[in-house]
Structure formats: C-alpha cells, structure tokens
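Survey of secondary and tertiary structure
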Amino acid sequence: MDELSNHEEAVELLQQLGLQEYEAKAFVALTRLRQGTAKEISEVSDVPRTRVYDAVRVLESSGLVEIQHSNPQRFRAVSVAEADDTLQQKYDSRTDSLRDSLEAIDSLSTNAETDVTHEVWSLSGMAGITSRTQQLIDDADQELVFVLGDDDIFTEQLIERIRAAQQRGVTVIIGTTAESIRERVQDELPGTQVFVSGLAWLSGSLWSGDDTEISRLLLVDQSSILVSTFHESSSGEHEREQAVFGRGFDNGLVAIARRLMATGLPAVEDPGTDET
C-alpha cells in the first residue's frame, strides 16, 4: 500500500468512525506533522485555514488532539496507539485498520523527539483523558501515585492497568477523597497502599461559588502529571471533563504538583529522587 492510498484510507476510515471530512484530514495531517499551527495543518491537509480551527476543536473534544495555548496556537495529535484506544471506546470497530493505515504514513518530522522538560498540554473529554491516564499507567517504570476524586473514574479497565503495573514491579499508591472510594479500592486491589487524602482542596474549593471538582490526579515516576476537573450540573451529572498534562522532571507544573501531593501522602520510603 503506497503513501497516497494509506493517507486516503486513514481519512476514509476516520469518516466512517464519525469524523467529518475536514476533521479527518486535519487529524491525518497532524499525524504526519507531529505538531503544527493552523497554517501548517492547512498546507498539508488542503483544509481551508479558516476551517482548521473548527476541525481541531472538535478533535480536541473527542480526545484526539491536544492544544498548546501559545501564540500562534499549536496543535498535535495524540499518539496512534492512544487515538486507537479512544476510538475503540466510542465505536468498537474498524480501529485496527485505522491504526495500520496511520502507522504506515511517513512522518514529515526529521528531528528526534524534542525535549519535554517544559511541556504542558490540555485535554478535553472523558474518553481522551481516560486514554491518556491508561497510557501513563502503562508507561510507569517505578512509581505511580493516583488520587481518585470521583468513584466513576475507578473502572474495570483502570483496575486492570494498575494490576499490570504492579505485576511488573511498579510501586502503586492510591489516594481517595472519600472513605467509600478507599474501601472499594481495597476490595478491588488488595495489598495496594490506599489512603484518604489529607488535601482538603481535593474534596472541594476553598472559595464560594467555585463548583469545580478534581476528578483525577496522577503522578507517574515523579516526572509526568495529569490533573483533570469537572463541573457538576444542576441534575447532579458530570459535565465535560478537562485536564492538563505535563511531562519532565524540571517542569514547574510537575514539581509543584509533586510537592503538593507529598503533603497528603502517608509516610512512604523515599525512592531516591533529589528534591533539592
């Protein structure tokens, strides 16, 4: 299968999975570019520049694209594996063919992976945030600290990923904001170190009128952090989940979150990281 047919098949399959034409073309373009501006996406995809912004925002809400709020804004597609996971959760079909097509497309990037020391991205939508959470857990080598702010986050898929991490020797520490969640974690993952967080701000805001709730806070190998929030509607249902993701030991977001979380952790053995 040549480059052109791979490109066309990927676009077609994305449309069959529910994306509009410009959304599919923009995503495939970002798969090739790795990251780019609206102008760069337009040049590669033949999507009119004025339509690129609408397309990438739909992709971002579907968990397929991340936005960096710089000037100009930059966009990047999630990894092919992560896109596959997200689409499987929504459609459960045709994703194997899509993954093969996307992986067969030649990358336009000639550079090695860039330094991620100061990398911060935003994510929207529960499906995409769940996929990124699972990916981070899968990538853990030494330690993961996961604070669950909501019981709905603790799914069977998440439990399986955490078990797999434990089996490969990763130290797992799970915090909760409620005793009921702690008991469920202990039932599902016996032997796991579980605690009810001492961080009061996880359970609710200190400011009146702020109805934002933290749904998950994940720290992996003391170098990658994901924090997500949601608003509770008047009917009691969760509105759209949003998250920020940072990577890199020297990243300010990671450093602050790591130290804040440490104040709510039970006494654990120092893994040897120098905090000076």
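In short, a report on the structure. Residue positions are counted from 1 within each chain, in the order its sequence is given. A pLDDT threshold of at least 70 governs which residues receive local features in this predicted model, and a stricter bar of 80 or more applies before side-chain atom pairs are shown or counted, although totals over entire chains, interfaces and linings include all residues. By convention in this description, side-chain values take in all heavy atoms of the structure and omit both hydrogens and water.

Only Phe, Tyr and Trp rings take part, Trp by its six-membered ring, and two of them pair if their centres are within 6.5 Å. Stacked means planes under 30 degrees apart, edge-to-face means over 60, and tilted covers everything else. Within the structure shown, the criterion is met by 1 aromatic pair. Two thresholds decide whether a charge sits over a ring: the Lys NZ or Arg CZ must be within 6 Å of the ring centre and within 35 degrees of the ring normal. Over the ring of F245 we find R132, and its NZ or CZ is 4.6 Å from the ring centre.

Our next topic: helix α2 (residues 21-33). Counting from the N terminus, the helices are DSSP H or I runs at least four residues long and the strands are E runs at least two residues long. A helix is expected to reach a length of 1.5 Å times the quantity of its residues less one. Under the 1.5 Å per step criterion, the end-to-end length of α2 is 18 Å for 13 residues, consistent within 8% with the ideal 18 Å. A 1.4 Å probe rolled over the protein chains alone gives each residue an accessible area, and that area as a share of the maximum for its type sets the label: buried under 20%, exposed over 50%, partly exposed in between. Burial analysis of α2 places 10 of its 13 residues in the buried class, which makes it a mostly covered element. Residues of α2 that are buried: E23, A24, A26, F27, V28, A29, L30, T31, R32 and L33. Positioned one or two residues after α2, R34 has a phi angle of 75 degrees, which is positive.

On to the pattern of salt bridges. Two side chains of opposite charge can pair, provided their charged atoms sit close to one another. Salt bridges are identified by distance alone: a Lys or Arg side-chain nitrogen within 4 Å of an Asp or Glu carboxyl oxygen. Under the definition given, this model contains 11 salt bridges. For K25, the salt bridge is made with E21, and the minimal N-O distance between the two is 2.9 Å. In this pair, K25 and E21 both sit in helix α2, 4 residues apart, roughly one turn of the helix. Take K25: its relative accessible area is 22%, and that puts it in the partly exposed class. Of the residues examined, E21 reaches a relative accessible area of 38% and is grouped as partly exposed. Here R184 ties to D151 by a salt bridge, and the two come within 3.0 Å at their closest N and O atoms. Of this pair, R184 sits in helix α9 (residues 179-188) while D151 sits in the loop between β4 (143-148) and α8 (156-167), placing them 33 residues apart in sequence. On the accessibility criterion, D151 (34% relative accessible area) is partly exposed. Linked through salt bridges whose partners overlap, the residues forming this network are E66, R76, E82 and R132.

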